[in-house]
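Fold and geometry: a report
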Amino acid sequence: MRIAINPKSMRVIRGGEIKGPVVYWMSRDQRVADNWSLIYALGLARELNEPVAVVFCIAPGFLNATGRSYRFMIDGLRKVEHRLKSMNVAFILLHGEPVDAIPSLIDDSGAGILVTDFSPLRISLTWKSRIAERVSIPIHEVDAHNIVPCWMASEKQEWSAQTFRRKIKKHLPEFLENFPEIKQPARAWKDDVKNDWGSAESSLNLKACTSAPYISGEDAAEEQLTCFIKEKLELYALHHNDPAKDAQSGLSPYLHFGQISAQRVALAVKNRGDYGEFLDELIVRRELSDNFCYYNDRYDSFNGLPEWARKTLNDHRGDRREYLYTLAELEEGRTHDDLWNAAQLEMLIKGKMHGYMRMYWAKKILEWSESPEIALSRAIYLNDRYELDGRDPNGYVGCAWSIGGLHDRPFRERPIFGKIRYMSYEGLRRKFDVEEYKRRITMMSQ
DNA sequence: ATCGGCTCGCGCAA
DNA sequence: TGCGCGAAGCCGAT
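Everything in this summary refers to the structure shown in the same document. (Residues numbered from 1 in each chain as written. Chains lettered and ligands numbered in written order. Predicted model: local features only at pLDDT ≥ 70, side-chain atom pairs only at ≥ 80, totals over all residues. Heavy atoms only, no water.)

Near DNA strand C lie 21 residues; those nearest to it are Arg285, Phe411, Arg421, Ser424 and Lys431. Backbone atoms, meaning sugar plus phosphate, form 44% of the atoms of DNA strand C positioned within 4 Å of the protein. Note that a base nitrogen of DNA strand C is positioned 3.5 Å from one of the side-chain N or O atoms of His407. Residue Arg421 places a side-chain N or O atom 2.4 Å away from a phosphate oxygen belonging to DNA strand C. Residue assignment for the surface near DNA strand C shows that the elements contributing at least two residues are α6 (161-175), α15 (355-367), α17 (393-404) and α18 (425-431). (Near = heavy atom within 4 Å. Polar contact = N/O pair within 3.5 Å; in protein donor to acceptor, adjacent residues only side chain to side chain. Helix = DSSP H or I, 4+ residues; strand = E, 2+ residues; numbered from the N terminus.)

What follows is the structure, encoded as structure tokens:
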């Protein structure tokens, strides 16, 4: 069979012969452009002369997400629907538990195969294995999110960025390739699909939800990329760790929802000289997060942290904590530390805290909580709830790095933190203009 | 301003 | 078995 994707990007979750239409269950990669799962589904459809439908299932009460995150997602999906319609592909919006809704759709539509994208998160793995038990058609999974498919990059949990970097670099020449043109299917989906967006929005309580200061959708994502390359790429190299400057890519919400492909971003940046630092973060550190979650099912708990880190945190459980805050005090940004409060406020207002501040923010939650377990769960709760790019492997790894030494090394022992790398207000003041950062946040909140 | 030490363990060279 | 080195630092000596 001639399919336009690297076969190593696809895994057979459930085997069997394909007899009937192709259904792509879109989940993590919410875009039409540069989507290996869609490319694969369309390729199969042409090969078999079958129609294609893309289905998205909105799960109820998904992980404490705020209305703002749903708003961002729904707006993006409506654009996906529009774009698919123009290319003879049906888009079906479902809501309910995917474990019920997807098998029902397969039965109702007489689908011959389910294609889906890849996520290393527990909920996704559970959904897929349950669905695989329930249906009798083949299921093929395509990693459309990572440049090097998660299962190809490494066969185990990596120790550090360094060990992972070597493996990724080895595979990049093979996988960092240009995307093929997508060809629309010869046959149209049998029914004219009418999606009820209004009831989807009301079931998510989105009516009153103001949108985040980011325009959603793949067009907006591409615009953001173009603008970043044209105006900010040089700045990034110099200042991306300076929260007082606007030198980040602003792509993370789009990358999280799959509204832009990391591979597209990498291809666009690669052709513009040596931007090693940006590409390292975009590729190595992003894909390392998938590696951690995929190979460590305790990716969001204390017990998933490295041995040396658990030991040193255990040694310091009894240490006196000078400041202890409740979750509500943290959530509302009411601590004694104005810099921390500003970072929290930035997250509340923009749905996106500066990357450098995220480390300091999480480390202080460790310092101000009763135990490392409580600290980790609070950091993850707040991150998942308020960041547009929350509920993502990058978030879990970020919290585990800051609080639990993941992918990091030990440093000089001190109270509470033990040998976990420490960060201080004074250190940040030496590094950048803290007052300017606070000023920016204050202006934003008015 | 700059620099070494802190401290662990992986992975490669030998 | 030894050794170099690491995703974003801190601290104290110079």
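So, next bit.
To continue, consider unusual backbone geometry. Although it is not a glycine, Asp34 sits at a positive phi angle of roughly 55°. Mapped onto the elements, Asp34 comes out in the loop between β2 (22-26) and α1 (36-48). Backbone geometry places Asn88, a non-glycine residue, at a positive phi of 70°. Relative accessible area serves as the criterion here: at 27%, Asn88 is assigned to the partly exposed category. (Buried < 20%, exposed > 50% of the residue type's maximum accessible area, 1.4 Å probe, protein only.)

The next point concerns the layout of surface pockets. In this structure, the largest pocket encloses a volume near 1,500 Å³. Looking at the largest pocket, it is lined by 47 residues, and the ones nearest its centre are Glu281, Arg285, Gly355, Asn394 and Gly398. Mapped by element, the contributors of at least two residues to the lining of the largest pocket are α9 (252-256), α11 (276-295), α15 and α17. Among the residues forming the lining of the largest pocket, the class breakdown is 16 nonpolar, 17 polar and 14 charged. (1 Å grid on protein atoms, 1.4 Å probe; cavity = no way out; pocket = protein on both sides within 12 Å on 5 of 7 lines; lining within 4 Å. Points joined across faces, edges and corners; volume = space filled by probe spheres on them. Nonpolar A, V, L, I, M, F, W, Y, C, P; charged D, E, K, R; others polar.)

Membership of the largest hydrophobic core comes to 76 residues, with the highest contact counts inside it found for Leu84, Phe91, Val115 and Leu282. The dominant element in this core, judged by the number of residues it contributes, is α1, at 8 residues. Excluding residues that lie within four positions of it along the chain, Phe91 makes contacts with Val54, Phe56, Leu77, Val80, Glu81, Leu84, Val193, Asn195 and Trp197. Counting residues in each nonpolar core, the second largest holds 49 residues, with Leu121, Met353, Ile380 and Tyr437 among its members. (Core = buried A, V, L, I, M, F, W, Y, C linked by side-chain atoms within 4.5 Å. Contact = heavy atoms within 4.5 Å.)

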